[in-house]
Amino acid sequence: MVGNGKIRKWRFSLHKSSSSPAEKLKPLDEFICPISGLLMIDPVVVSSGQTFERRSVEVCRELNFVPVLTEGSKPDFSTVIPNLALKTTISNWCKSTGADLPSDAPDYSSIKDSVRKLMSNSSQGEGDSRFRDSEKDLLKGVAEKPPVILAHAATQLNPRSVHHRFYSSSSEESVNANIPDTPPLPLVTRPLCYSSSPSASTSSEIVTDETLDPKPNSSTSDVQNFSTKLQSLDVFEQEQSVILLRKLTRTDEEARVSLCTPPLLLSLRRCLISKYAAVQTNAVAALVNLSLEKTNKLKIVRSGIVPPLIDVFKFGLPESQEHAAGALFSLSLEEENKTAIGVLGALQPLLHALGSDSERTQHDSALALYHLSLVQSNRVKLVKLGAVSTLLPLLETGLAGRVLLVLCNLAASNEGKSALLDSNAVECLFQKLRTENVNSAESTRENIVACLYSLSIGSMRFKGLAKAARATEVLRAVEESGSERAREKAKRMLTMLRERDDGEEGRDWDALLEGGVSQTRYRGNSTGF
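This text gives an overview of the structure that appears in the document. Here the structure is a predicted model, which is why all the values come from computation and not from measurement.

## Things to note about the overall build of the chain
A count of helical and extended segments in the chain gives 24 helices and 7 strands. For the chain, the residues scored as buried account for 52% of the 529 residues in total. Counting contacts in the chain only where the partners sit at least 6 residues apart, residues at least 24 apart contribute 70% of the total.

See below:
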């Protein structure tokens, strides 16, 4: 530590006697907690992507202190995720070198003393504040999980009806938007960037080293071999190894499961941040392949690989970004990953990617947003990020079907409903419904009606907005010619509108419309709808 409170370099000593040869061994910097300066026993990834000892994070939270790291950044301690890959790697390193791995976490009082000293030095340094408030919309954990059921088609060809359904087979799923009785929309569970056909390989996937075994098995020795080569200082060897990993995991389901180990994921994580395009692109593509197996999804997120994956998604080459979008979509299918991916910062770049020049990136990003928005904490984040203003104009693009699914999820929350009503979504949706012809996808019409129905529930403002959008004639048309699901919702909305007409003839609906944000916020762009 230095006078200005920034963490520069920490001393490290193994818990062995002075005569032990292991005392001279120096562990990798990644093994050392930047706060305690000790070998990490229980490493965790925080929201901003850095890894610390869990006890160090707990102390910093208790003291409401956020240190400044070497590069000048401040970590976000609002949530933590176990870094199992690093924990296993540290344990293996201790075994191979003979170093002692303490069985217990660092002493709480000693860590507290160290943090207090850091706080003291911080107050004597620069004048800017070293304190910050925790994120207000912290994850509520399991309590916020929507009732999603995962079931393989092989065992449940005709599963029972529930409000939130997610049936997956090896190639496709049927998903219902987060609204009761919303029509199902068939969605692939595999990203658009994935292809099991070798002919679909890109120019970045060419193996020229004939010494590499084209069909290695996935035994423990081969996993270690892959991990070693992926960390090789020889860029050519590293590139050929990651390409081979991508090829092996493209179609071999058993290889995906057996190769998805903490050491390999740690090695693959380093390849993601490679400055060499071929290494980075093939590493992300290999990660997509590994993520296809349900048993791997949670393991991958807990390995700490999501933060560098998001960096690739934001700043990587176009092909790397396509694969990164596919990986985020694939990982978001796992219920326990949804909250973590949202906290780690994937939502904003996913929204931005909806305007990408790549159709693959657009569609995989939209599907990722749909699955992530099934969690209430992510809905709140999306509203704060201005998702509604981003999504509404996309109703007139090829992404309309997927965008409607996200809007349905947002409409199911109070925050999302308020934002949609404020943004003139009612008029936009009715105009979209009015212009949809009989040749349009029925699921699109059904989801528009479902979203409108959700906005109408318990909302006095909806009546005034619906009247301004001439909703009655549109709903009557749906009631006459729509699908059974759409007709039922249209009938309910018409009944609701008539009931309010009978009891509230004297109400000033113009005044009601002015009660929130002006309905003309998007009127300038509504002509396209």
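## Here we look at the sheet that holds strand S2 (residues 51–53)
With antiparallel pairing, 3 strands are arranged side by side in an open sheet as S2-S1-S3. Of all strands in the sheet, those bounded by a partner on one side alone are S2 and strand S3 (80–82). Neighbour to neighbour, the strand axes of the sheet diverge by 40° on average, direction disregarded. By the bridge criterion, 3 bridges tie strand S1 (residues 43–46) to S2 in an arrangement that is antiparallel. Note on S2: the bridge partner recorded for Val 44 is Phe 52.

## A word on the side chain of Ser 36
Topologically, Ser 36 is positioned in the segment before S1. Of the residues examined, Ser 36 reaches a relative accessible area of 14% and is grouped as buried. Separated by 3.2 Å, the side chain of Ser 36 and the backbone nitrogen of Leu 38 make a polar contact.

## A short note on the packing of aromatic side chains
For the coordinates displayed, the defined rule picks out 3 aromatic pairs. Ring centres of Phe 52 and Phe 77 lie 5.4 Å apart, and the angle between their planes is 80°; on these two criteria the pair is classed as edge-to-face. Placement of Phe 52 in strand S2 and of Phe 77 in the loop between helix H1 (54–62) and S3 is noted, with a sequence separation of 25 residues between them. When sorted by exposure, Phe 52 lands in the same class as Phe 77, which is buried.

## Observations regarding the nonpolar core
A general trend in soluble globular proteins is that nonpolar side chains are found buried together. Ranked by size, the top nonpolar core spans 100 residues in total, and within it Leu 309, Leu 391, Leu 407, Phe 430, Leu 452 and Phe 462 carry the most contacts. Considering every element that reaches this core, the biggest residue donor is helix H17 (residues 400–411), with 8 residues. Setting aside its immediate chain neighbours within four residues, Phe 462 contacts Val 426, Phe 430, Leu 452, Leu 455, Ser 456, Met 493 and Met 496. Leu 39, Phe 52, Val 57 and Ile 111 belong to the second largest nonpolar core, which has 25 residues in total.

## Focus on the environment of Arg 485
Residue placement: Arg 485 occurs in helix H23 (residues 484–503). Along the primary structure Arg 485 and Asn 447 are separated by 38 residues, whereas in three dimensions their C-alpha atoms are 9.7 Å apart.

## Some details on the packing of helix H15 (residues 376–384) against helix H18 (residues 414–422)
The description of two packed helices rests on the angle between their axes and on the distance between the axes. At a closest axis distance of 8 Å, the pairing of H15 and H18 adopts a crossing angle of 30°. Classified by the interaxial angle, the pair formed by H15 and H18 is roughly parallel. In this structure, H15 meets H18 at a crossing whose hand is left-handed. For the pair H15 and H18, the contacting residues are Gln 376, Val 380 and Val 383 in the first and Glu 415, Gly 416 and Ala 419 in the second. For the contact of H15 with H18, a count of residues per class yields 3 nonpolar, 2 polar and 1 charged.

## Some details on the pattern of salt bridges
On inspection of all chains with the given rule, the structure shows 11 salt bridges. Note that Lys 112 and Glu 62 form a salt bridge whose closest N and O atoms lie 2.8 Å from each other. Remark: Glu 62 occurs in helix H1 and Lys 112 occurs in helix H3 (residues 108–124); sequence separation between them is 50 residues. Glu 336 is the partner of Arg 302 in a salt bridge, and the nearest nitrogen-oxygen pair spans 3.9 Å. With a gap of 34 residues between them, Arg 302 in helix H9 (residues 294–302) and Glu 336 in the loop between helix H11 (318–332) and helix H12 (338–343) connect regions that are remote in the sequence. With a relative accessible area of 30%, Arg 302 lands in the partly exposed category.

## Comments concerning the side chain of Thr 361
The residue Thr 361 is located in helix H14 (residues 359–372) in this model. Judged by relative accessible area, Thr 361 falls into the buried class, the value being 3%. Each residue touching Thr 361, except ones within four places of it in the same chain, is listed here: Phe 313, Gln 321, Glu 322, Ala 325, Ala 353 and Ser 356.

How each quantity is defined
- Residues numbered from 1 in each chain as written.
- Predicted model: local features only at pLDDT ≥ 70, side-chain atom pairs only at ≥ 80, totals over all residues.
- Heavy atoms only, no water.
- Helix = DSSP H or I, 4+ residues; strand = E, 2+ residues; numbered from the N terminus.
- Buried < 20%, exposed > 50% of the residue type's maximum accessible area, 1.4 Å probe, protein only.
- Contact = heavy atoms within 4.5 Å.
- Pairing = 2+ DSSP bridges.
- Axes fitted to C-alpha atoms, helices over the stretch in contact; angles between N-to-C directions.
- Polar contact = N/O pair within 3.5 Å; in protein donor to acceptor, adjacent residues only side chain to side chain.
- Phe/Tyr/Trp six-rings, centres within 6.5 Å; stacked < 30°, edge-to-face > 60°.
- Core = buried A, V, L, I, M, F, W, Y, C linked by side-chain atoms within 4.5 Å.
- Parallel < 35°, antiparallel > 145°, perpendicular 65-115°, else oblique.
- Left-handed = near helix turned anticlockwise from the far one by under 90°.
- Nonpolar A, V, L, I, M, F, W, Y, C, P; charged D, E, K, R; others polar.
- Salt bridge = Lys/Arg side-chain N within 4 Å of Asp/Glu carboxyl O.

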